[in-house]
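Listed below, chain by chain, are the residues.
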Amino acid sequence: MTPELMAAGARAKAIHEGRPVPTSTESGGRETSYGRIATGELDVTHGAILYLDDITVSFDGFKALNALSLSISAGEMRCIIGPNGAGKTTMMDVITGKTRPDLGKAFFGSTIDLLRLRENEIASIGIGRKFQKPTVFEYLTVFENLELALKADRGVRASMFFRLNGEQLDRIGAMLTLIHLKDSAQRVAGLLSHGQKQWLEIGMLLMQDPKLLLLDEPVAGMTDEETERTAELFLSLEGSHSLVVVEHDMKFIGELTQNGRNGKKVTVLHEGSVLAEGLLSEVQANEKVVEVYLGR
Ligand SMILES: Nc1ncnc2c1ncn2[C@@H]1O[C@H](COP(=O)(O)OP(=O)(O)O)[C@@H](O)[C@H]1O
Ligand SMILES: [Mg+2]
């Protein structure tokens, strides 16, 4: 969930409970909207939408990321696997501005230096992140959650007086279909299954039209059927979005990469750097990878 969305949720909750509406201060000046952030346009003419070079993050001398270099092409879906503690979540923390690296470079397209932007700015230029635990507004309906996500980047006043136009209603309708929640539109989100909450949060991210989506263990805790549907959903986003999917579930990775039939690459992280990269079958046959997984 983005800082904007968190603030919008707090406002909606206050209105819901009849309390004074809080104004967002954390992001200072954020109400002026992101048109003012001097980041320049996203430039992917060189092919890469995300470029990490030599990123090192230390926690008390321990290197959670150790000279990590990685590049994701525009429209690509990249699966990232690796044992617990490999640095997968820390990598997402760096990309989204939550953690600052000690060393290295991180660019969004070829011109936007992510290490110079704050978390809320990074979210507003089109990098959406799905955390491991679903974070939806449980007391709002599914529809209201999506509506809030659509409005979240507007200022307090604008979102309070904002009415959905036909096109926006259509967008919410299409999203409900995409995330398999059309029949649950008027249900309170707190009553959804774990898998449905995960889909709702993905839908909320998509309402904000991100260019790059970061998904941290999106199918953890899902049933087999929910996992399969999630793979279908991600495959339908490929091309129009760039996705980085971190996951342990190898069956899911197999579905996403269609077991290498479409030449999709998988990256294996270990001890904060890239251990191997290639087709799923190639990395699974890689001796170093086998050792890392079986050695534990
Ligand atoms: N804030 C932190 N302070 C100290 N150590 C951390 C912190 N965040 C992560 N780590 C450590 O960094 C390593 C990588 O963690 P993480 O990125 O969460 O791995 P993964 O997501 O691949 O399981 C782990 O050893 C973890 O304990
Ligand atoms: Mg993790």
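Attention in this report is confined to the structure presented alongside it.

Rules and cut-offs
- Residues numbered from 1 in each chain as written.
- Chains lettered and ligands numbered in written order.
- Predicted model: local features only at pLDDT ≥ 70, side-chain atom pairs only at ≥ 80, totals over all residues.
- Helix = DSSP H or I, 4+ residues; strand = E, 2+ residues; numbered from the N terminus.
- Buried ≥ 20, exposed ≤ 12 C-beta atoms within 10 Å, placed from the backbone.
- Contact = placed C-beta atoms within 7 Å.
- Near = placed C-beta within 6 Å.
- Nonpolar A, V, L, I, M, F, W, Y, C, P; charged D, E, K, R; others polar.
- Pairing = 2+ DSSP bridges.
- Core = buried A, V, L, I, M, F, W, Y, C linked by C-beta atoms within 7 Å.
- Axes fitted to C-alpha atoms, helices over the stretch in contact; angles between N-to-C directions.
- Parallel < 35°, antiparallel > 145°, perpendicular 65-115°, else oblique.
- Left-handed = near helix turned anticlockwise from the far one by under 90°.

1. Things to note about the overall build of the chain
Alright, step 1. Looking only at helices and strands, one finds eleven helices and ten strands in the chain.
Alright, step 2. The buried share of the chain, taken over its 296 residues, is 43%.
Alright, step 3. Here the analysis covers contacts within the chain between residues at least 6 apart in sequence; of these, 68% occur between residues at least 24 apart.

2. Considering the site of ligand 1
Alright, step 1. In the vicinity of ligand 1, the contacting residues are Phe59, Ala64, Gly82, Asn84, Gly85, Ala86, Gly87, Lys88, Thr89 and Thr90.
Alright, step 2. Ranked by the residues each element gives to the shell around ligand 1, the list is headed by helix 2 (residues 88-95), at three residues.
Alright, step 3. A per-class count over the shell around ligand 1 returns three nonpolar, six polar and one charged.

3. Focus on the pairing of strand 10 (residues 273-278)
Strand residues, when the strand is regular, have side chains that alternate between the two faces of the sheet.
Alright, step 1. Relative to strand 10, strand 9 (residues 266-270) runs antiparallel, the two sharing five bridges. When the bridges of strand 10 are listed, His270 appears paired with Ser273.
Alright, step 2. Counting the residues in the hairpin turn of strand 9 and strand 10 gives two residues, including Glu271, whose phi is positive at 50 degrees.

4. Side note on the pairing of strand 4 (residues 103-108)
Alright, step 1. Two elements, strand 1 (residues 48-59) and strand 4, share five bridges in a ladder whose sense is antiparallel. Note that in strand 4 the partner of Tyr51 across the bridge is Phe107.
Alright, step 2. Two strands pair when backbone bridges link them, and strand 4 and strand 5 (residues 112-113) are joined in this way by two bridges, in the antiparallel orientation. Residue pairing for strand 5: Phe107 is matched across the bridge by Asp113.
Alright, step 3. Where strand 4 folds back on strand 5, the antiparallel hairpin that results is connected by three residues, among which Gly109 adopts a positive phi of roughly 65 degrees.

5. Some points on the nonpolar core
Alright, step 1. Counting 77 residues, the largest nonpolar core has Ile95, Leu200 and Val245 as the members making the most contacts within it.
Alright, step 2. Excluding residues that lie within four positions of it along the chain, Ile95 makes contacts with Leu50, Ala106, Leu114, Ile127 and Leu214.

6. Overview of the packing of helix 4 (residues 142-151) against helix 6 (residues 166-178)
Alright, step 1. Taken N-terminus to C-terminus, the directions of helix 4 and helix 6 make an angle of 125 degrees; their axes are 10 Å apart at the nearest point. Considering the angle they form, helix 4 stands oblique to helix 6. The way helix 4 lies across helix 6 gives a crossing that is right-handed. Between helix 4, through Phe143, Leu146, Glu147 and Leu150, and helix 6, the contact on the second element is made entirely by Gln168, Ile172 and Met175.
Alright, step 2. Residues of the contact of helix 4 with helix 6, tallied by class, amount to five nonpolar, one polar and one charged.

7. A look at helix 2
Alright, step 1. Counting buried positions along helix 2 yields seven of eight residues, so the element is predominantly enclosed.
Alright, step 2. Within helix 2 the residues assigned to the buried category are Lys88, Thr90, Met91, Met92, Asp93, Val94 and Ile95.
Alright, step 3. Phi for Gly97, located one or two positions after helix 2, is positive at around 85 degrees.

8. Re the packing of helix 4 against helix 7 (residues 194-207)
Alright, step 1. For the pair helix 4 and helix 7, the least separation of the axes is 8 Å and the interaxial angle reads 30 degrees. The angle between the axes of helix 4 and helix 7 places the two elements in the roughly parallel class. At the point where helix 4 passes helix 7, the crossing takes the right-handed sense. Counted together, Val142, Asn145, Leu146, Ala149 and Leu150 of helix 4 and Leu200, Gly203, Met204 and Met207 of helix 7 form the full contact between these two elements.
Alright, step 2. Looking at the contact of helix 4 with helix 7 residue by residue, the classes come out as seven nonpolar, two polar and no charged.

9. A few points about the sheet that holds strand 6 (residues 127-130)
Alright, step 1. The sheet built from six strands is open, its strands ordered 6-7-8-3-9-10 with mixed pairing. Taken across any chain shown, the strands that pair with only one partner, and hence form the sheet edges, are strand 6 and strand 10. Taken pair by pair, the neighbouring strands of this sheet meet at an average axis angle of 20 degrees, ignoring direction.
Alright, step 2. The pairing of strand 3 (residues 77-81) with strand 8 (residues 242-246) spans four bridges and is classified as parallel.

10. Brief notes about the sheet that holds strand 4
Alright, step 1. The strand order 2-1-4-5 describes an open sheet built from four strands, whose pairing is antiparallel. Strand pairing shows two members of the sheet lacking a second neighbour, strand 2 (62-73) and strand 5, which therefore form its edges.
Alright, step 2. Bridge count between strand 1 and strand 2: eight bridges; the pairing is antiparallel. Counterpart to Leu50 in the pairing with strand 2 is Ile72.
Alright, step 3. Here helix 2 sits on the sheet and contacts strand 1, strand 2 and strand 4; the angle it forms with strand 2, its principal contact strand, is near 65 degrees.

11. Digging into the environment of Val289
Alright, step 1. Tracing the chain through its elements places Val289 in helix 11 (residues 287-294).
Alright, step 2. With 21 C-beta atoms packed within 10 Å, Val289 lands in the buried category.
Alright, step 3. The spatial distance from the C-alpha of Val289 to the C-alpha of Pro83 is 9.8 Å, given a sequence separation of 206 residues.
Alright, step 4. Excluding anything up to four places from it in sequence, Val289 contacts Val268, Leu275, Ala276, Val283 and Gln284.

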